[in-house]
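A look at the structure
Each chain, written out:
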Amino acid sequence: MPDHGSRQDGDAVGRYVARDGAFLDVNARLAALVDASPESLLGGDPLDVIVPATPDETDAEPLLRGTETARADGVTHPVTLLGRDPLDATIRLARIDDDGEPAVFGVVVPHTDPSVPHTVSVLERATADLVRATGREEVCTVAVETAVEALGLDVVGIYALDDGRLSPVASSEAAAGPSLPTIGPTDGTLWEPLRTGEPRVVSRTDHDLDVPLSLLVVPLGDHGLLVAAADGDRRLEESVEVVRLLATNVGAALDRVEREERLARLHETTRRLMSAETAAEVADVAVDIARDVLSHDICSINFYDPDRDALVPVAASERTREFLGDEGDPPSFERGESLAFEAFETGETRVYDRVNEEQGVMDPTTQIRSELMIPLGDRGLFVAGSVVASQYADTDVSLARVLCANVEAALERAEREETLRAREAELRERNARLDEFASVVSHDLRNPLNVAEGRLELAREACTCGDPVDQHLDIVAESHRRMAELVDDLLTLARQGRGLGDTEPVDLATLARTCWEGIGSGDLVIVDDVTVDADRSRLRELVENLLRNAVEHAGPEPTIRIGALLEDGDDAADDGERAGFYVEDDGPGVPPEERETVFDHGYSTDDDGTGFGLAIVGAVAESHGWKVRLTDGSDGGARFEFLL
């Protein structure tokens, strides 16, 4: 769950987050006010310990419980805290976003006096405003305004730490008098609070800023400094605890804003990952994102190499290579010889605060202290390191895991794309071979055949020998016819190896009748009207070969039926959903033991057949992605069913 700053030590006010009638988070101060522990309250109903001060004020109950969030924003209510001794308090509610779901954030201020103290009331209101703030500047502006109102100081500013320099983000606008400089200090006594994490009052004679006032300098975590100025140290010293409390809440709000901004930038970079074409490019982009967005200056990605049974480096940040010096590339991680391979093998995210002290570390002398390891599924491992111990907080780990999840998706897409490109290259090569084959068939075979047929006709005209010479010439003519038919079928098969042309809705009945006109005798019966989305020329080749096959094998005057199929393969009824079509005849059929081989090249039961007709049928069906099966027809003949 996001950190809303509700669990800060030394809080003067109680805080909680609730949704759907249950506590999601409770700080120690609220738990103490109701004589409980934070852990015992989590998951419980807020109304068990916080109730409206007026019993009949039931409209407030859904707001306190987080069951109605829309009305809760900015609402203030008097309440009673139900500890051992009931305690009057005021609660201020804010509607917040918690892991993508609306929730209520409550700030509870106990009434230690007949009226709520001014300073605590200001801080309570600021807490809700900080939770709602959506950017760094807005957080800092709220902080400055709160410090001015709570402390009564005119000169307040916030400096952000960016790339080792302090730069102003927000400041008060005093009507007159001195103001803080627009360029932050780069060294000197004001940097000490950043190093120690403790607030400090600096007398006017002890700082190097061009401000004739004493300064109260309070660190905002690792985000920067809150600086307040006054004429005299005592007033600032009296304000230290209040400003410390404010700074704690501001630091928590800046943590949240920074996390949200980094997460947003992380999602924005997903497009870069998904546009990478190869796995190596994905790894390079991922390392850049880890460096630029997540601030992992030292990081690398290793892919698993099954031949070596090791994780080999494929991408690393520039800082990583500089850190390694003469060694150059990051190391490979062998099975049984590194913590990294253990993380990959178990599929577990590993975080080490002092990796050099871990048993099994590959190099105990390493200068790396913190290390983060996240497996990329079965593809590899992401590794980030730092020379600072205990560097990786929960937020760093969760954001890195988001990145790694995106990397896994990008790697899967890149692998699919690489496979597709390889298939396309293979198809282009195959098409080139088919084009070459078709050229050979069309020219090197057909041209000599045409010459032979011409010479045969000249021989018939020149020779009046009669039998048996005419019989020999007839046999030659039949051989020429069979050779021409074979050439045509070979060319048709060559075309099947190429990709489909444009598909369109084709009326199967009309196409079948057109094909039937030039094939032979018998009856063609159209049982159902069927429309097929297909390459028209390819579908014609399929139908022509099926009709010709029936005429040649079903006996004289065959009856050929064409109809539609249902999803289960049955013939279609008027109200059935069409799933395909069938072509059947009333001939002798095909023996079951031969049905698996009828679509093979060269299969034929006719001495005069080329053996390519049904092979063409199978190739056309396959190119369209149709399933074809051969079974018994309704009259005992062969039935070819095509499931689209």
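This write-up is about the structure you can find in this document. Counting of residues starts from 1 at the beginning of each chain's written sequence and follows it residue by residue. Only residues with pLDDT of 70 or above have their local features reported here, since the model is predicted, and side-chain atom pairs are shown and tallied only from 80 upward, although totals for entire chains, interfaces and linings are computed over all residues. Derived side-chain values reflect all non-hydrogen atoms in the structure, with water molecules and hydrogen atoms excluded from consideration.

Positionally, L194 belongs in helix α6 (residues 192–196). Here the term buried applies to any residue with accessible area under 20% of the maximum for its type, exposed to any over 50%, and partly exposed to those in between, with areas from a 1.4 Å probe on protein chains only. Taking the relative accessible area as the measure of exposure, L194 reaches 19% and is therefore buried. Setting aside chain neighbours within four positions, we find L194 in contact with L166, G224 and L225. Secondary structure is summarised from DSSP: a helix means a run of H or I of at least four residues, a strand means a run of E of at least two, and numbering begins at the N terminus for each. By the convention used here, residues are in contact when the closest approach between their heavy atoms is within 4.5 Å.

Our focus in this paragraph is the packing of helix α5 (residues 136–151) against helix α8 (residues 240–268). Helix axes use the C-alpha atoms of the stretch in contact, all axes being lines fitted to C-alpha atoms, and the angles between their N-to-C directions lie in the range 0 to 180 degrees. The N-to-C vectors of α5 and α8 enclose an angle of 170 degrees; their axes lie 9 Å apart at closest approach. Regarding the angle of α5 to α8, the classification is roughly antiparallel. Residue-level inspection shows R136, V139, C140, A143, T146, A147 and L151 of α5 in contact with α8, the latter providing V242, V243, L246, V250, A253, L254, V257 and E261. When grouped by side-chain class, the residues that make up the contact of α5 with α8 number 12 nonpolar, one polar and two charged. Reported orientations rely on four angle classes, namely roughly parallel under 35 degrees, roughly antiparallel over 145, roughly perpendicular from 65 to 115, and oblique for the rest. Residues are grouped as follows: nonpolar covers Ala, Val, Leu, Ile, Met, Phe, Trp, Tyr, Cys and Pro; charged covers Asp, Glu, Lys and Arg; every other residue, Gly included, is treated as polar.

A few words on the packing of aromatic side chains. What counts as a ring pair is set by centres within 6.5 Å for rings of Phe, Tyr and Trp (its six-membered ring), and what kind of pair is set by the plane angle: stacked under 30 degrees, edge-to-face over 60, tilted for all other angles. With the rule as written, the count across this model stands at seven aromatic pairs. Between the aromatic rings of Y304 and F341, the centroid separation amounts to 6.3 Å while the plane-to-plane angle is 65 degrees, which identifies the pairing as edge-to-face. One end of the pair, Y304, is in strand β12 (residues 298–305); the other, F341, is in helix α12 (residues 339–346), with 37 residues separating them in the sequence. Seen in terms of ring centroids, F581 and W626 are 6.0 Å apart; in terms of plane orientation they differ by 90 degrees. Their pairing is edge-to-face. Pair noted here: F581 is in strand β22 (residues 580–585) and W626 is in the loop between α17 (613–624) and β23 (627–632), with a separation of 45 residues, a long-range link.

Before going further, it helps to spend a moment on the side chain of E371. Position of E371 relative to the elements: it lies in strand β16 (residues 370–375). In this structure E371 touches R350, V351, Y352, V355, V383, A384, G385 and Y392, once residues within four positions along its chain are discounted.

Now for the packing of helix α16 (residues 536–553) against α17. In a pair of packed helices, the angle between the axes and the distance between the axes together describe the arrangement. It is at 9 Å that the axes of α16 and α17 come closest, and there the two elements cross at 145 degrees. In terms of crossing hand, the pair formed by α16 and α17 is left-handed. Taken together, the residues of α17 that come into contact with α16 (itself represented by R538, L539, E541, L542, N545, L546 and N549) are G613, L614, I616, V617, V620, A621, S623 and H624. Considered class by class, the residues forming the contact of α16 with α17 number eight nonpolar, five polar and two charged. Take the far helix as the reference: if the near one is turned anticlockwise from it by less than a right angle, the crossing is left-handed, and if turned clockwise, right-handed.

On to the pattern of salt bridges. Only one rule defines a salt bridge in this text: a Lys or Arg side-chain nitrogen within 4 Å of an Asp or Glu carboxyl oxygen. With the rule as written, the count across this model stands at 26 salt bridges. Across the pair R291 and D288 runs a salt bridge whose closest N-O atoms are separated by 3.6 Å. In this pair, R291 and D288 both sit in helix α10 (residues 279–292), three residues apart, roughly one turn of the helix. As a salt-bridge pair, E342 and R350 come within 3.6 Å of each other at their nearest N and O atoms. We classify E342 as partly exposed; its relative accessible area is 37%. Look at R350 and you get buried, because its relative accessible area is 16%. One salt-bridge network, in which partners are shared between bridges, spans R561, E584, R629, R639 and E641.

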